[in-house]
Amino acid sequence: MRGGFGATSSSAQRALRASPTAFASTPRRSQSAQIDGGDEDDDDGADVGVPSLTSSAKSLEREITRRIDAYGEQHPDVAAAMNDLATVHSENEDFDRALTLYERALAIQRAALGDAHPETVQTLTDLAICHLDRDENDLGKPLLERALEYQEAILGPNHADVGAIRDVLASLDGGVR
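On a predicted model such as this, the values are computed, not experimentally measured, just so you know.

Caption draft 1: The arrangement of the packing of helix H6 (residues 118–133) against helix H7 (residues 137–155) in detail. Orientation of H6 relative to H7, taken along the N-to-C sense of each, is 155°, at an axis distance of 8 Å. Here H7 runs roughly antiparallel to H6, going by the angle between their axes. In this structure, H6 crosses over H7, and the sense of that crossing is left-handed. Every residue of H7 that contacts H6 at Pro118, Val121, Leu124, Thr125, Leu127, Ala128, Ile129, His131 and Leu132 is listed here: Asn137, Leu139, Gly140, Lys141, Leu143, Leu144, Arg146, Ala147, Tyr150, Gln151 and Ile154. Tallied by class, residues from the contact of H6 with H7 come to 13 nonpolar, five polar and two charged.

Following this line, the structure appears as structure tokens:
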């Protein structure tokens, strides 16, 4: 079971992890995310809809290696694949590995794209959610508040993704936001 902001916010958490509307014009995230989404029909007792750790992780690790070979370690495409791999680990509750990957991806994106770039902001959001999943609200909440500021500037205050972040922050504040 996930920690942090609890099961009642799991739909908001999923919305924050992969926002198809906010990043539709940014193909790198979706390209690496579609490498291997796992097989939802596997009867291995895993949650339906949660990618198989081994198949997804191996595919994404190969993709990261391919991108490093093609573009170098500090390229935003490498960071996008790292973010996707981190999400697979996070969804499988391997939060230590996820945090390491999110932090590496965020450092690359900040250097290459800047703090306010949509991909950087998505990774910042993912990192915040991972901290919240680990019950590290003191680390996750300020990151999520910063992500909210960027998202409002990028998407506007009425966008669904902005609302999802507000919902998670409200759940952390006991429903006040």
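What follows continues from the structure just given.
Caption draft 2: Local environment of helix H5 (residues 95–113). In this model, H5 (19 residues) spans 25 Å end to end at C-alpha, consistent with the 27 Å of a helix rising 1.5 Å per residue. Within two residues after H5, Gly114 carries a phi angle of roughly 95°, on the positive side.

Caption draft 3: Here's a closer look at the nonpolar core. The biggest cluster of nonpolar side chains holds 33 residues, and the ones touching the most others in it are Ile64, Met82, Leu85, Tyr102, Leu127, Cys130 and Leu144. Of the residues forming this core, the biggest block, eight residues, is contributed by H5.

Caption draft 4: Spotlight on the confidence of the model for the chain. Residues with a pLDDT of 70 or more make up 68% of the chain, whose mean pLDDT is 80. Across residues 1–12, confidence stays below pLDDT 50; counting only partners more than four residues off in sequence or on other chains, it has 26 contacts. Counting interchain partners and residues more than four positions distant, the pLDDT-below-50 stretch residues 18–46 has 47 contacts.

Caption draft 5: Quick look at the pattern of salt bridges. Counting across every chain of the model gives seven salt bridges. For Asp96, the salt bridge goes to Arg134, with nearest N and O atoms at 2.3 Å. In this pair, Asp96 sits in helix H5 while Arg134 sits in the loop between H6 and H7, placing the two residues 38 residues apart along the sequence. Residue Arg110 is joined to Asp115 by a salt bridge in which the shortest nitrogen-to-oxygen separation is 3.1 Å. Accessibility expressed as a relative area gives 33% for Arg110, which makes it partly exposed. A relative accessible area of 36% places Asp115 in the partly exposed class. Within this structure, Glu63, Arg66 and Arg67 form a network of salt bridges that share partners.

Caption draft 6: The packing of helix H4 (residues 76–91) against H6, seen in detail. The geometry of H4 relative to H6 is characterised by a closest axis approach of 11 Å and an angle of 25° between their N-to-C directions. Taken together, the axis directions place H4 and H6 in an arrangement best described as roughly parallel. Seen along the crossing, H4 lies across H6 with a hand that is left-handed. Of H6, the residues touching H4 (which contributes Pro76, Ala80, Asn83, Thr87 and Ser90) are Glu119, Gln122, Thr123, Asp126, Cys130 and Asp133. Split by residue class, the contact of H4 with H6 holds three nonpolar, five polar and three charged.

Caption draft 7: Here's a closer look at the environment of Arg104. Along the chain, the position of Arg104 falls in helix H5. Given a relative accessible area of 39%, Arg104 falls into the partly exposed group. C-alpha of Arg104 to C-alpha of Ala79: the two residues are 25 residues apart in sequence and 7.4 Å apart in space.

Calculation notes
- Residues numbered from 1 in each chain as written.
- Predicted model: local features only at pLDDT ≥ 70, side-chain atom pairs only at ≥ 80, totals over all residues.
- Heavy atoms only, no water.
- Axes fitted to C-alpha atoms, helices over the stretch in contact; angles between N-to-C directions.
- Helix = DSSP H or I, 4+ residues; strand = E, 2+ residues; numbered from the N terminus.
- Parallel < 35°, antiparallel > 145°, perpendicular 65-115°, else oblique.
- Left-handed = near helix turned anticlockwise from the far one by under 90°.
- Contact = heavy atoms within 4.5 Å.
- Nonpolar A, V, L, I, M, F, W, Y, C, P; charged D, E, K, R; others polar.
- Expected span 1.5 Å × (residues − 1).
- Core = buried A, V, L, I, M, F, W, Y, C linked by side-chain atoms within 4.5 Å.
- Buried < 20%, exposed > 50% of the residue type's maximum accessible area, 1.4 Å probe, protein only.
- pLDDT = per-residue confidence, 0-100.
- Salt bridge = Lys/Arg side-chain N within 4 Å of Asp/Glu carboxyl O.

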